[in-house]
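Each chain is listed here by its residues.
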Amino acid sequence: MRSNLVAGNWKMCGDNASIEKLVANLKALLPAEPAVDIAVFPPSVYIARVVDGLAGSPVAVGAQNVCEQPNDGAYTGEVSAAMLVDTGCRYVIVGHSERRAMYGDSNERVAQKAKQALAQGLMPIICVGETEAQRDDGSTLEVIAEQLQAVFAVLSAEDMCSIVVAYEPVWAIGTGKTATPSQAQEVHAFIRALFAKKDEPLAKGLRILYGGSVKAANAGELFAQADIDGGLVGGASLDAQEFSAICRAAE
Ligand code: PEP
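Below you will find a few notes about this structure.

As a further point, take a negative patch on the surface. A cluster of like negative charges, contributed by E108, D136, D137, E142 and E146, occupies part of the molecular surface. The topology assignment puts E108 in helix α5 (residues 107-119).

In this section: the packing of aromatic side chains. For any pair of aromatic rings, the description consists of the separation of the ring centres together with the inter-plane angle of the planes. Throughout the structure, instances matching the rule amount to three aromatic pairs. Arranged with centres 4.9 Å apart and planes meeting at 75°, the rings of F152 and F195 form a pair that is edge-to-face. Pair noted here: F152 is in helix α7 (residues 140-154) and F195 is in helix α9 (residues 181-198), with a separation of 43 residues, a long-range link. The residues F152 and F195 share a single accessibility class, namely buried.

Ordered in space as β1-β2-β3-β4-β5-β6-β7-β8, the eight strands form a closed barrel in which the pairing is parallel. Between one strand axis and the next, the sheet turns by 25° as a mean value, whatever way the strands run. The pairing of strand β7 (residues 207-211) with strand β8 (residues 230-233) spans two bridges and is classified as parallel. Counted as the bridge partner of Y210 is G231 from β8. The strands touched by α7 are β5 (123-128) and β6 (164-167); relative to β5, the strand with the most contacts, the crossing angle is about 150°.

Proximity of charged atoms lets side chains of opposite charge pair with each other. Counting across every chain of the model gives 13 salt bridges. In this structure, E68 engages R109 in a salt bridge whose closest nitrogen and oxygen atoms are separated by 3.5 Å. You can see E68 sitting in the loop between β3 (59-63) and α3 (81-87) and its partner R109 sitting in helix α5, a full 41 residues away along the chain. Here R192 makes a salt bridge to D227, at a shortest N to O gap of 2.5 Å. In this pair, R192 is assigned in helix α9 and D227 in the loop between α11 (216-223) and β8, connecting sequence segments 35 residues apart.

Take helix α12 (residues 240-249) next. By the burial criterion, the buried members of α12 are A240, F243, S244, I246 and C247. For α12, the buried positions fall inside an angular range of 155° around the axis, keeping them on one side. Elements that come into contact with the buried residues of α12 comprise β1 (5-9), α1 (16-29), β2 (37-41), α11 and β8. The distance from a side-chain oxygen at the start of α12 to the backbone nitrogen of Q241 is 3.0 Å, and the residue carrying that oxygen is D239.

Cut-off values and rules
Residues numbered from 1 in each chain as written. Predicted model: local features only at pLDDT ≥ 70, side-chain atom pairs only at ≥ 80, totals over all residues. Heavy atoms only, no water. Patch = residues over 30% accessible without salt bridge, like charges linked within 9 Å, V, L, I, M, F, W, Y side chains within 5 Å. Areas by Shrake-Rupley, 256 points an atom, 1.4 Å probe, with all protein chains shown as cover. Salt bridge = Lys/Arg side-chain N within 4 Å of Asp/Glu carboxyl O. Lys, Arg positive; Asp, Glu negative; His and termini not counted. Charge placed at Lys NZ, Arg CZ, Asp CG, Glu CD. Helix = DSSP H or I, 4+ residues; strand = E, 2+ residues; numbered from the N terminus. Phe/Tyr/Trp six-rings, centres within 6.5 Å; stacked < 30°, edge-to-face > 60°. Buried < 20%, exposed > 50% of the residue type's maximum accessible area, 1.4 Å probe, protein only. Pairing = 2+ DSSP bridges. Axes fitted to C-alpha atoms, helices over the stretch in contact; angles between N-to-C directions. Contact = heavy atoms within 4.5 Å. Arc of directions from axis to C-beta. Polar contact = N/O pair within 3.5 Å; in protein donor to acceptor, adjacent residues only side chain to side chain.

Following this line, the structure appears as structure tokens:
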């Protein structure tokens, strides 16, 4: 039985004061024992502060990115998986479309990042998704398969028991346009079928999140789909009220 996960990606938003307020509001609004897994992903410089602030709450903390290199060294500006674990992270997002589009994260590098995360005991949330042009030209499933092929090439079946996949259509991220529940379900079922070709029990246990303008108002119908196991939430996760309503919708 898969447990749902709601992940809040705070992107490059906030400052000490707003993050302190958001953490306090989340602690006040989220149930002490939620029936879903919940995680938040602050900008890296605030991770330690958020880990401290959420200590004793059921909300886990993750990072928005990780370096693909296995060891410490001359990688200026990068943060390793070991450092993220040392700071209290349990998850890391890899392959977010903003990183793929703006920071050169190729399919292969995303897979290496996931590998390094797993090697240190972090659970990677591997993002995949098509652009609007790719959806319009009918290549959505092909694009997703190609993105996941790079993951299959690098991760073992055992590794894949500890990953989460997030389907995030690029055209729905931060745009207010959400995939319809049936559009999302079609891709989620396709992703699960790809994993089933590798290993049936693995595919059954795999959590596949939907991301792209999820809000309290649309979360319920998205999460009701058979292959949608929660959400990766951007903008709405910066509002504690909205985020806690989304978490309730996933219960
Ligand atoms: C995201 O950043 O992963 C995301 C889905 O953003 P939004 O919810 O704002 O579309």
